[in-house]
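As a plain string of letters, each chain reads:
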Amino acid sequence: MLFKNYDELIVNGSTPVLQQKRRDILDMLTAAVDAVHPSRIIRGVLQDSQLVFPSETFDLTSFDHLYLVGFGKASVGMAQAVCDAVSVTKGVIITNDPQARVTHDSIEVLVGGHPLPNEDSILGAEKILTFLHACGENDCVLVLISGGGSSLFCKPRIPLSDLQRTIDLLVRSGATIDEINTIRKHLSFVKGGQLVRQTKAVVICLIISDVVHDPLTSIASGPTSPDSTTYGDAKEILTRMRLWGKIPATVRNVIEDGIQGRIPETLKKDDAGFEKVFNYLIANNEHACQAAVNKASELGYKTKLLTTAITGEAKTLGPYLIDRVKNSLLIGKTAFLSGGEPTVTVHGTGIGGRNQELVLACVEEIAQSDIVIASFATDGADGNSTAAGAIADGSSLDRAKEKHLIPSRFLKNNDSYMFFHSLGDTLTTGLTGTNVMDIQIILR
């Protein structure tokens, strides 16, 4: 079962109707995660030792050796599925899950740092680079890329502590993942397409997206994809967000050197090296949302998928979604779904994440109604909390008042986890082994 507190989440509904809606939401979210589980996704493209895509097919037995390289939250599951389907010579995988294993004697699994890189992230990157340098022209390297790869696979141009400080400032300032990854790429030796020049082998990349609109150049900071951003873009982002004077001097020096041409740019589409690299997107937020939509229809709901590209401040997006639901012309038993990745500008000192904050901002909006809302991080980790998200319904405000919990105070302190933990309404799964951003479901 995906949710460790499944029964408690249902019982917390104050009426049979609300309990049923809570159960339905949990079942929809389970269907969404199942649909993007790495083993299922890999089985969809790897058949009889062939990678099959609409545009072309690769016979993996035609190469001298088949190697695996992977980094991201889904990398272990992807690697296991590949090893179950085809003979692999050797591989190196970097994950964020200390419990994850691949049952193959020649696949080394390393645990890196997330959401901030650590020394093990750098060690893992060094092992992957050593590995790639040894591959020959008639070999094939399958590169398994998924969300979290930017932190887990890391070879920075600056001291690790300075990189950690910079990324933390960007996250806390509410920067989008595209903005953060633009900075990461220009502080790295391997991101922004630079990995393609590290091997003579044919490189086939299987990519699970955790970025809105699925730009390959941003997923895991695009190590095998041409990069359209520049050092100038990196400086513009940091300046616009009023961080230029706050970041370490080493970061400013690298970016200024890049602007002046003293450091090479990330690789662009016309640069050499991409002729032997093939990138394929195999799963994204839309896959997960569509599975949830199908489950909702199966459960008897009229369904409306609002978007799979939701962005912006979580505390304003929640009420916005509720307003759209209240003003919808659809009648009867209806499920509204959305996906994407909200952001949180941190002003308080609490524990929480973008999904819990989005739902917390809706508690007063849905009070005394029959609406139920949940927002869920598909990787199982929301912000700096141990939860994956939260659920609330029309009775949540009354239950909070009984415990003397005032939603606005928790919202102001970015303390959404403690609010929902007190109500028993955190969505708790542990790491799911995949990552396609977030999903919101509202039942009316």
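For the structure, check the block above.
Quick notes on the rules
- Residues numbered from 1 in each chain as written.
- Predicted model: local features only at pLDDT ≥ 70, side-chain atom pairs only at ≥ 80, totals over all residues.
- Heavy atoms only, no water.
- Axes fitted to C-alpha atoms, helices over the stretch in contact; angles between N-to-C directions.
- Helix = DSSP H or I, 4+ residues; strand = E, 2+ residues; numbered from the N terminus.
- Parallel < 35°, antiparallel > 145°, perpendicular 65-115°, else oblique.
- Left-handed = near helix turned anticlockwise from the far one by under 90°.
- Contact = heavy atoms within 4.5 Å.
- Nonpolar A, V, L, I, M, F, W, Y, C, P; charged D, E, K, R; others polar.
- Salt bridge = Lys/Arg side-chain N within 4 Å of Asp/Glu carboxyl O.
- Buried < 20%, exposed > 50% of the residue type's maximum accessible area, 1.4 Å probe, protein only.
- Phe/Tyr/Trp six-rings, centres within 6.5 Å; stacked < 30°, edge-to-face > 60°.
- Pairing = 2+ DSSP bridges.
- Polar contact = N/O pair within 3.5 Å; in protein donor to acceptor, adjacent residues only side chain to side chain.
- Expected span 1.5 Å × (residues − 1).

J.: What should I look at first to understand the packing of helix α7 (residues 160–172) against helix α8 (residues 177–185) in this one?
T.: Packed helices, taken two at a time, are described by the angle their axes make and the gap between the axes. Where α7 meets α8, the axes come as close as 10 Å, and the angle between the chain directions of the two elements is 165°. It follows that α7 is roughly antiparallel to α8 by the angle criterion. When the axes of α7 and α8 are compared, the crossing they make is right-handed. Listed contacts from α8 to T166, I167, L170 and V171 of α7 are I180, I183 and R184. In terms of residue class, the contact of α7 with α8 is made up of five nonpolar, one polar and one charged.

J.: Any chance you could explain unusual backbone geometry here in plain terms?
T.: Outside of glycine, negative phi angles account for most residues, and trans bonds account for most peptide bonds. Residue P115 is bonded to the preceding H114 through a cis peptide linkage, with omega at 10°. Mapped onto the elements of the fold, P115 is located in the loop between β6 (107–111) and α5 (119–133). Although it is not a glycine, D214 adopts a positive phi angle of roughly 60°. Structurally, D214 is set in the loop between β8 (202–208) and α9 (231–240). Its identity as a non-glycine residue notwithstanding, Q368 has a phi of 65°, on the positive side. In this structure, Q368 sits in the loop between α13 (354–360) and β12 (372–377).

J.: I keep staring at the pattern of salt bridges and nothing clicks. Help me out?
T.: Oppositely charged side chains are able to pair whenever their charged atoms sit close together. Counting across every chain of the model gives 17 salt bridges. One salt bridge in this structure joins E256 and K235, with 2.7 Å as the shortest N-O distance. With E256 in helix α10 (residues 249–259) and K235 in helix α9, this residue pair connects regions lying 21 residues apart in the sequence. Residue K235 is classed as partly exposed on the basis of its relative accessible area, which comes to 26%.

J.: I tried to follow the packing of aromatic side chains on my own but got confused; where do I start?
T.: Two aromatic rings are characterised by how far apart their centres lie and by the angle between their planes. Across all of its chains, the model carries nine aromatic pairs by this definition. Relative to F278, the ring of F58 lies with its centre 5.1 Å away and its plane at 65°, an arrangement referred to as edge-to-face. A residue pair is termed long-range when its members are at least 10 positions apart, and F58 in strand β3 (residues 57–59) and F278 in strand β9 (residues 277–283) qualify at 220 residues. These aromatic residues form a ring-pair network of at least three members: F53, F58, F278 and Y280.

J.: Explain the sheet that holds strand β1 (residues 46–47) here, please?
T.: Sheet strands pair via backbone hydrogen bonds, and the direction of the pair is either parallel or antiparallel. Spatial ordering of the open sheet is given by β1-β2-β3, a layout of three strands whose pairing is antiparallel. Bordering the open sheet on either side are β1 and β3, each of which pairs with just one other strand. Bridging between β1 and strand β2 (residues 50–52) involves two bridges; their strand directions are antiparallel. When the sheet's bridge partners are listed, Q47 is paired in β2 with Q50.

J.: Where do I start with the side chain of S221 in this structure?
T.: Tracing the backbone shows S221 in the loop between β8 and α9. With a relative accessible area of 0%, S221 lands in the buried category. Among the polar contacts listed, one links the side chain of S221 to the side chain of S150, at a separation of 2.7 Å. Within the structure, the side chain of S221 is placed 3.3 Å from the side chain of N181, a separation counted as a polar contact.

J.: What is the right way to look at helix α11 (residues 285–298) in this model?
T.: For an α-helix the count is 3.6 residues per turn, leaving residues at separations of three or four pointing the same way. Spanning 14 residues, α11 covers 20 Å between terminal C-alpha atoms, matching the ideal 20 Å at 1.5 Å per step. Along α11, the positions that sit buried rather than exposed are N285, A288, C289, A291, A292, V293 and A296. Looking at the buried residues of α11, the elements they touch are α2 (16–35), β10 (302–310), β11 (334–340) and β15 (438–443). Of the residues trailing α11, G300 is marked for its positive phi of about 95°.

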